[in-house]
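# Coordinates in review
What follows is each chain in one-letter form.
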2 protein chains.
Amino acid sequence: MARPREFDADTALDGAIGVFREHGFEGASAEMLVGAMGIGRQSLYDTFGDKWRLYRLAVRRYGMGECAAHFEALRSGVRAIDGIDAMLRRVVETAHQPCLGVGSICEFGVSRPDLAEVHTPLAKTLRDAIAARVRDAQRDGDVAANLDPEAASEFLIANIAGIRVAGRGGANRGALTGLADMALRALR
Amino acid sequence: MARPREFDADTALDGAIGVFREHGFEGASAEMLVGAMGIGRQSLYDTFGDKWRLYRLAVRRYGMGECAAHFEALRSGVRAIDGIDAMLRRVVETAHQPCLGVGSICEFGVSRPDLAEVHTPLAKTLRDAIAARVRDAQRDGDVAANLDPEAASEFLIANIAGIRVAGRGGANRGALTGLADMALRALR
DNA sequence: TCCTTATTTGAATGATCATTCCATAATTGG
DNA sequence: CCAATTATGGAATGATCATTCAAATAAGGA
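So, here's what we can say about the structure. (Residues numbered from 1 in each chain as written. Chains lettered and ligands numbered in written order. Predicted model: local features only at pLDDT ≥ 70, side-chain atom pairs only at ≥ 80, totals over all residues.)

### Some points on the overall build of chain A
Here is the rule: Per the convention used, a helix needs a DSSP run of H or I reaching at least four residues, while a strand needs a run of E reaching at least two, with both numbered from the N terminus. With C-beta atoms placed from the backbone, a residue counts as buried when 20 or more other C-beta atoms lie within 10 Å of its own, as exposed when 12 or fewer do, and as partly exposed for counts between those limits. The contact criterion used is a C-beta to C-beta distance within 7 Å, with each C-beta placed from the backbone.
Per the secondary structure count, chain A includes nine helices and zero strands. Secondary structure elements in chain A, listed N-terminal to C-terminal, are α-α-α-α-α-α-α-α-α. Each principal axis of the C-alpha distribution contributes one length, and for chain A these read about 60 × 40 × 30 Å. Within the span of chain A, comprising 188 residues, buried residues form 45% of the whole. Residue pairs at least 24 apart in sequence account for 64% of intrachain contacts in chain A once pairs closer than 6 positions are excluded.

### Remarks on helix H9 (residues 173-185) of chain B
Our working definition: Any helix carries an expected span of 1.5 Å times its number of residues minus one.
When the terminal C-alpha atoms of H9(B) are compared, their 18 Å separation across 13 residues agrees well with the 18 Å that a helix rising 1.5 Å per residue should span. Every buried residue of H9(B) is accounted for by Ala175(B), Leu176(B), Gly178(B), Leu179(B), Ala180(B), Met182(B) and Ala183(B).

### Some points on the interface of chain A and chain B
Each side of the interface is counted separately: chain A has 32 residues, and chain B has 32 residues. Among the elements of the structure, helix H6 (100-108), helix H8 (149-168) and helix H9 (173-185) of chain A are those that each provide at least two residues to the side of chain A that touches chain B.

### Focus: the relation of the copies chain A and chain B
Heads up, the condition is: To superpose the copies, least squares is applied to the C-alpha atoms of every residue with a pLDDT of at least 70 in both.
After a rotation of 180° and a shift along the axis of 0.0 Å, chain A superposes on chain B with an RMSD of 0.0 Å. Viewed as a symmetry operation, the transformation between the two copies matches a two-fold axis. The position closest to the rotation axis in chain A is occupied by the C-alpha of Ala186(A), lying 1.9 Å away. Interface overlap between copies: 100% of the residues of chain A at the interface are likewise at the interface in chain B, consistent with a symmetric, same-surface contact.

### What to know about the nonpolar core
Note the following rule: To define a nonpolar core, we join buried Ala, Val, Leu, Ile, Met, Phe, Trp, Tyr and Cys residues through C-beta atoms within 7 Å and take the resulting set.
Counting 121 residues, the largest nonpolar core has Ile163(A), Ile163(B) and Leu179(B) as the members making the most contacts within it. For Leu179(B), the residues in contact, after removing those within four places along its chain, are Glu154(A), Phe155(A), Ala158(A), Asn159(B), Gly162(B), Ile163(B) and Ala166(B).

### Structural notes on helix H1 (residues 9-23) of chain B
Because each turn of an α-helix spans 3.6 residues, side chains separated by three or four positions in sequence point in the same direction. Residue and element names in this part refer to chain B. Taking 1.5 Å per residue as the helical rise, H1 with its 15 residues ought to reach 21 Å, and the 21 Å between its terminal C-alpha atoms agrees with that figure. Considered for burial, the residues of H1 that qualify are Ala-12, Ala-16, Ile-17, Gly-18, Val-19, Phe-20 and Arg-21. Positive backbone phi, at 75°, marks Gly-24, one or two positions downstream of H1.

### Section: the packing of helix H4 (residues 51-76) of chain B against helix H7 (residues 113-140) of chain B
Residue and element names in this part refer to chain B. Worth spelling out the cut-off: Axis geometry follows a simple rule: fit a line to the C-alpha atoms, using only the stretch in contact for helices, then measure angles between N-to-C directions, giving values from 0 to 180 degrees. Every angle not falling under 35 degrees, over 145, or within 65 to 115 is termed oblique; those three ranges are roughly parallel, roughly antiparallel and roughly perpendicular. Each residue gets one of three labels, nonpolar for Ala, Val, Leu, Ile, Met, Phe, Trp, Tyr, Cys and Pro, charged for Asp, Glu, Lys and Arg, and polar for the others, Gly among them.
For the pair H4 and H7, the least separation of the axes is 10 Å and the interaxial angle reads 5°. For the element pair H4 / H7, the angle class is roughly parallel. Here H4 contributes Arg-56, Val-59, Arg-60, Gly-63, Met-64, Cys-67, His-70, Phe-71 and Leu-74 to the contact with H7, which in turn contributes Asp-114, Leu-115, Val-118, Leu-122, Thr-125, Leu-126, Ala-129, Ile-130 and Arg-133. A per-class count over the contact of H4 with H7 returns eleven nonpolar, three polar and four charged.

### Quick look at the packing of H7(B) against helix H8 (residues 149-168) of chain B
Residues and elements named next belong to chain B. Applicable threshold: By definition, any crossing whose near helix is turned counterclockwise from its far helix by less than a right angle is left-handed, and any crossing with a clockwise turn is right-handed.
The contact between H7 and H8 brings their axes to 8 Å, and the two run at 120°. The orientation of H7 relative to H8 falls into the category oblique. Between H7 and H8 lies a crossing whose hand is right-handed. Each of Leu-126, Arg-127, Ile-130, Ala-131, Val-134 and Arg-135 in H7 lies in contact with H8, whose residues at this interface are Pro-149, Glu-150, Ala-152, Ser-153, Glu-154, Leu-156 and Ile-157. Across the contact of H7 with H8, the residue classes tally to eight nonpolar, one polar and four charged.

So this is what it looks like as structure tokens:
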């Protein structure tokens, strides 16, 4: 029939993610995006619409990837507490890179409904998954039984954000490890 | 000799702070700034130089105000732990407003030396003040003696950032209070 | 070969950007 | 009143912005 698509849309999206997490939405220019995505300018607009739509798609893809990584870490340990620990350790190890989730929350808050539509379901699935693992850890006796698993989950997510802000602010690995240690300590 | 200045530079700066904390540096236009600062465009450039210099001045003033508020809260309680508690409660109560400190870290990280020059001393004085109060609380027996006060201080600052990111993301008062409770719990 | 679609690039569009020039008015002290 | 300084706002500057148009090339299947 016709010429097939050459580039992979998700690969191009990964390039956009790299630009947006470093410079935010307002700080990213179409030129930067085209350069990092490895496609022509017109292909960008044909495939992804405008810059704002591209941003939302980037945030969604980034968020799904982050959630998948969190889930895998949560499942990794034999005991649930080890999975929670592994999740925080992974955050520490990647905290030198800016987080697009935290960045988009800081840049826009909940002021854009079509962006909140991207955030909300991701946040909910992550919160539920962590809460479930906290419950497992409570059954194992590794987390205090009197803790509300939902509150503990929100606390862990807030600490993930805190670790990432600290990393973005230049904190070294040791300091970030200390933050993860303290967060786990609150669960005991 | 000549006509005295009519507007107060710090008052005008407060207007700029309001714009920058809501929209960030890149998202703030000169028009928005002029409107919020209540001065003419030319006065803005005469008094504060360019937009980037104005931003750094705004971050510095905001940071000094926040530090002062933290210090006052820290001193407020009879026992040191009550001061730490009060500090976190104040953060919870103000977390519906975006934080310019967190915002500027997320937007620029440590990539701009002249912005880092603003952040670094503020972060250090805050960290030292909180660490000192943690030591007091350890003497009172309200904080575990085996904790490193510096690490505990960094943990509290990271949790302040986490609470503010959560608030920016739409979390309600109850959820934010839960975060503060959990953070304090880690000190026991 | 022809048709269709994909892709790229140059050029143009119109908006908005930060910033400066300039003319004017206002307010002080001498 | 004069001189000096501050403030304001319109107009212009030149850059950059996101986005679109248009033309050219490329790559498949029929």
